[in-house]
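Here is how the chains run, residue by residue.
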Amino acid sequence: MKNYRFLIEYDGSRYYGWQRQPGQNTIQGKLESVLEVMCGQKVEVIGAGRTDGGVHARGMTANGWMETDYTCEEIQDYMNRYLPEDIAVCGVQEASPRFHARYNATGKTYRYTCFWGRVKPVFDRKYYTPLEEMPDLELMRQAAEVLKGEHDFRNFCTNPRMKKSTVRQVDQIEISQEGEYLYFDFHGTGFLQNMVRIMVGTLLEAGYGRMTVRQVEEVLEKPERQKAAPTAPAQGLCLLRVDYN
């Protein structure tokens, strides 16, 4: 048995997220089904994270232990031949026995895309969230400064039963505009369930003047759980990259 490392991209529009779930269409489930046929036995594919339903990825890293005579190139070709058209394996390589896609990850980069304009971009419709009006970029950037750093993000998580630590380090938040597109880029050591989407919702609220910078600080600082802001829709979110030492 050898440990293999995969680089995967997918359109999450029609999937119930990454994690395998009984009776649900998931990315992990599709990958494992193809590899089980190839290897003749069950294969567990471990992802660097568990993206939610409707969320996309351009750079998901995963690993799995397999016994096969196929080369890495042959494994990649086989997977791409039998995976659905909205999942692609961009690379396969042998990894060290100690490599674990989730536990060894040191950082992740996400991008959230919004669009504001008179004519909607039809062919990008599954990859952005439409805005009714353009928010104030400067107000959002001021609010983003509050969210940067190491904080307890319990109020930016939709899992009320979260038992592990909700402290996370967010070291980069960049907000940029290109034409009628608005981009939110986040980099951190890790993110809680729906955390990026809630941060986007919070920044948009600040940009529309419905939350002040001080109110964002209060949500972040309050010890009791409370709702931060509306969770931005899933289709605008994409995992761009996973970092490893």
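Throughout this description, residue numbers start from 1 for each chain and increase along the sequence as written. Side-chain atom pairs in this predicted model are given and counted only at pLDDT of 80 or more, local residue features only at pLDDT of at least 70, and totals for whole chains, interfaces and linings cover all residues. Each side-chain value is worked out from all heavy atoms of the structure, with water and hydrogens disregarded.

Moving on to the overall build of the protein. Only DSSP runs of H or I with at least four residues qualify as helices, and only runs of E with at least two residues qualify as strands; both kinds are numbered from the N terminus onward. When you go through the protein residue by residue, the secondary structure sums to five helices and 10 strands. On C-alpha atoms alone, the protein measures out to a radius of gyration of 19 Å, which is about the 18 Å that the 2.2 N^0.38 rule sets for 245 residues. Along the longest, intermediate and shortest principal axes, the C-alpha atoms of the protein span 60 × 45 × 35 Å. Here's how the labels work: a residue is buried when its accessible area is under 20% of the maximum for its type, exposed when over 50%, partly exposed in between, all with a 1.4 Å probe on protein chains only. For the protein, buried positions account for 51% of its 245 residues. For the protein, contacts bridging at least 24 residues in sequence account for 72% of all contacts bridging at least 6. Counting only carbon and sulfur atoms, one obtains 46% of the accessible surface of the protein, whose full area is about 12,900 Å². Charge assignment in this entry is limited to Lys and Arg as positive and Asp and Glu as negative, and neither His nor the chain termini are counted. One atom stands in for each charge, and that atom is NZ of Lys, CZ of Arg, CG of Asp or CD of Glu. Across the protein, the mean location of the 31 positive side-chain charges is 5 Å away from that of the 33 negative side-chain charges. For the radius of gyration, the atom set is restricted to C-alpha positions; the globular benchmark scales as 2.2 Å times the number of residues to the power 0.38. The contact criterion used is simple: two residues touch if any of their non-hydrogen atoms lie within 4.5 Å. Per-residue accessibility takes into account occlusion by the displayed protein chains alone, with areas from the Shrake-Rupley method and a 1.4 Å probe.

Our next topic: helix α4 (residues 195–207). To estimate how far a helix should reach, multiply one less than its number of residues by 1.5 Å. With 13 residues, α4 should cover 18 Å at 1.5 Å per step; its first-to-last C-alpha distance of 18 Å lies within 8% of that length. In terms of burial, α4 is largely enclosed, as 13 of its 13 residues are buried. Among the residues trailing α4, G209 stands out with phi positive, at a value near 80°.

Before going further, it helps to spend a moment on the pairing of strand β8 (residues 167–178). In terms of strand pairing, strand β7 (residues 149–152) meets β8 through four bridges, oriented antiparallel. Of the residues in β8, the one forming a bridge with D152 is V167. Two strands qualify as a pair provided DSSP detects at least 2 bridges between them. Sheet topology places β8 next to strand β9 (residues 181–188); eight bridges connect them, and they run antiparallel. Within β9, the residue paired with I175 across the bridge is F184. Between β8 and β9, which pair antiparallel in sequence order, lie two residues; one of them, G179, sits at a positive phi of approximately 65°.

A separate point is helix α2 (residues 72–82). The complete set of buried residues in α2 reads C72, I75, Y78 and M79. Summarising the axial view, the buried residues of α2 lie within an arc of 125°, below the 170-degree limit, and thus occupy one face. Pointing more than 90 degrees away from the buried face of α2 are the exposed residues E73 and R81. Buried residues along α2 sit in contact with β1 (2–10), α1 (27–39), β3 (56–66) and β4 (87–94). The arc under discussion is defined with respect to the helix axis, by the directions toward the C-beta atoms.

This next bit is on the packing of helix α3 (residues 137–147) against α4. Here an axis means a line fitted to C-alpha atoms, over the contact stretch when the element is a helix, while the angle between two N-to-C directions is reported on a 0 to 180 degree scale. Across the interface, α3 lies against α4 with an axial gap of 8 Å and an inter-helix angle of 140°. In this view, α3 runs oblique relative to α4, as classed from their interaxial angle. Both α3 and α4 take part in a crossing whose hand is right-handed. Residues L139, M140, A143, A144 and L147 of α3 lie in contact with α4, whose contacting residues are M199, L203, L204, A206 and G207. Residues are grouped as follows: Ala, Val, Leu, Ile, Met, Phe, Trp, Tyr, Cys and Pro are nonpolar; Asp, Glu, Lys and Arg are charged; every other residue, Gly included, is polar. Looking at the contact of α3 with α4 residue by residue, the class counts come to nine nonpolar, one polar and no charged. Here is the rule for angles: anything less than 35 degrees is roughly parallel, anything more than 145 is roughly antiparallel, 65 through 115 is roughly perpendicular, and the remaining ranges are oblique. Crossings are classed by handedness, with left-handed meaning an anticlockwise turn of the near helix from the far one by less than a right angle and right-handed meaning a clockwise turn.

Shape is all these values report; function is a separate question.
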